[in-house]
Amino acid sequence: EWCKYEWEQAEAAGIPIKCVIDMQRFPKDAVMSHIQEQVTHGHLLVHQWSEYTDRHRRECVHELVAFLKQNCEAPAEQQQQ
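In this text, all values refer to a predicted model and were calculated from it rather than measured experimentally. What you see as residue numbers is a count from 1 along each chain, following the sequence as written. At least 70 in pLDDT is required for a residue's local features to be given in this predicted model, at least 80 for side-chain atom pairs to be given and counted, and no such filter applies to totals for whole chains, interfaces and linings, which use all residues. Side-chain descriptors were evaluated using all non-hydrogen atoms of the structure, hydrogens and water having been removed beforehand.

Student: Report on the overall build of the chain, specifying residues and quantitative values.
Tutor: In terms of regular secondary structure, the chain is built from 4 helices and 2 strands. Taking 81 residues into account, the globule formula puts the C-alpha radius of gyration at 12 Å, and the chain, at 15 Å, lies well above it. Principal-axis analysis of the C-alpha atoms gives the chain an extent of 45 × 30 × 20 Å. Each residue is placed in one exposure class: buried if its accessible area under a 1.4 Å probe, protein chains only, is under 20% of its type's maximum, exposed if it is over 50%, and partly exposed if it falls in between. Residues classed as buried in the chain amount to 17% of the 81 residues present. Contact definition: two residues touch when any of their heavy atoms are within 4.5 Å. Considering only contacts within the chain whose residues lie at least 6 apart along the sequence, 69% involve residues at least 24 apart. Using a 1.4 Å probe, the Shrake-Rupley method yields the accessible areas, and only the shown protein chains count as cover for residues. If you sum the accessible surface of the chain, you get close to 6,500 Å²; carbon and sulfur atoms cover 50% of it. Helix numbering and strand numbering both begin at the N terminus, where a helix is a DSSP run of H or I of at least 4 residues and a strand a DSSP run of E of at least 2. Our radius of gyration is a C-alpha quantity, and the globule rule it is checked against amounts to 2.2 Å times the number of residues to the power 0.38.

Encoded structure:
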């Protein structure tokens, strides 16, 4: 329930959401099916999901950093104020 509240608040505030799937513990197809069938938060599907595994954790972190820079950083003129 807490996740749903956070998703609703993020959507209402226009905050983009990037999902990270723990592929070693949960099959991506099962997670995707759950989201599509059980969760009414379509904005979770707007951005491509990142697939986390121990072997590729660094790549996943780099994807998240790029996502944050692209979607969450204030423009340079706002940072100087």
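Student: Could you give an account of helix H1 (residues 2-13), naming the residues involved and the relevant values?
Tutor: Expected helix span is taken as 1.5 Å per residue step, with the number of steps being one fewer than the number of residues. In this model H1 runs 17 Å from its N-terminal to its C-terminal C-alpha over 12 residues, within 8% of the 16 Å that 1.5 Å per residue would give. Following H1 by one or two positions, glycine 14 adopts a phi angle in the positive range, close to 75°.

Student: Talk me through the confidence of the model for the chain; I want residue IDs and the actual numbers.
Tutor: Scored by pLDDT, the chain comes out at a mean of 87, with 90% of its residues at no less than 70. Confidence of the predictor at the level of single residues is given by pLDDT, which spans 0 to 100. At the low end of the mean pLDDT range in the chain sits helix H4 (residues 76-79), at 60; at the high end sits helix H3 (residues 57-72), at 94.

Student: Quick one: what's the story with the pattern of salt bridges, residue by residue and with numbers?
Tutor: Any carboxyl oxygen of Asp or Glu that lies within 4 Å of a side-chain nitrogen of Lys or Arg is treated as forming a salt bridge with it. Following the criterion strictly, the structure yields 2 salt bridges and no others. We note a salt bridge from arginine 25 to aspartate 22, for which the minimum N-O separation is 2.9 Å. Between lysine 28 and glutamate 51 there is a salt bridge, with its nearest N and O atoms 2.9 Å apart. Of the two residues, lysine 28 sits in helix H2 (residues 28-38) while glutamate 51 sits in strand S2 (residues 50-52), which places them 23 residues apart along the sequence. Overall, the relative accessible area of 26% leaves lysine 28 in the partly exposed class.

Student: Can you break down the side chain of histidine 43 residue by residue, with the values?
Tutor: Position of histidine 43 relative to the elements: it lies in the loop between H2 and S2. Between N or O atoms, a polar contact is any pair within 3.5 Å; within protein, one atom must be a potential hydrogen donor and the other a potential acceptor, and residues adjacent in sequence are included only when both atoms are from side chains. Within the structure, the side chain of histidine 43 is placed 3.3 Å from the side chain of glutamate 11, a separation counted as a polar contact. Apart from residues lying up to four places away in sequence, histidine 43 is in contact with Trp7, Glu11 and Ile17.

Student: Describe the nonpolar core, and please don't skip the residues or the numbers.
Tutor: By nonpolar core we mean a set of buried residues, namely Ala, Val, Leu, Ile, Met, Phe, Trp, Tyr and Cys, connected to one another through side-chain atoms within 4.5 Å. With 8 residues, the main nonpolar core is built from Ala10, Ile17, Cys19, Ile21, Ile35, Val39, Leu44 and Trp49. With residues near it in sequence (within four places) discarded, alanine 10 still touches Ile15 and Ile17.

Student: Quick rundown of the environment of lysine 4? Include the residues and the values.
Tutor: Positionally, lysine 4 belongs in helix H1. We classify lysine 4 as partly exposed; its relative accessible area is 31%. Between the C-alpha atoms of lysine 4 and threonine 40, which are 36 residues apart in sequence, the distance is 9.1 Å.

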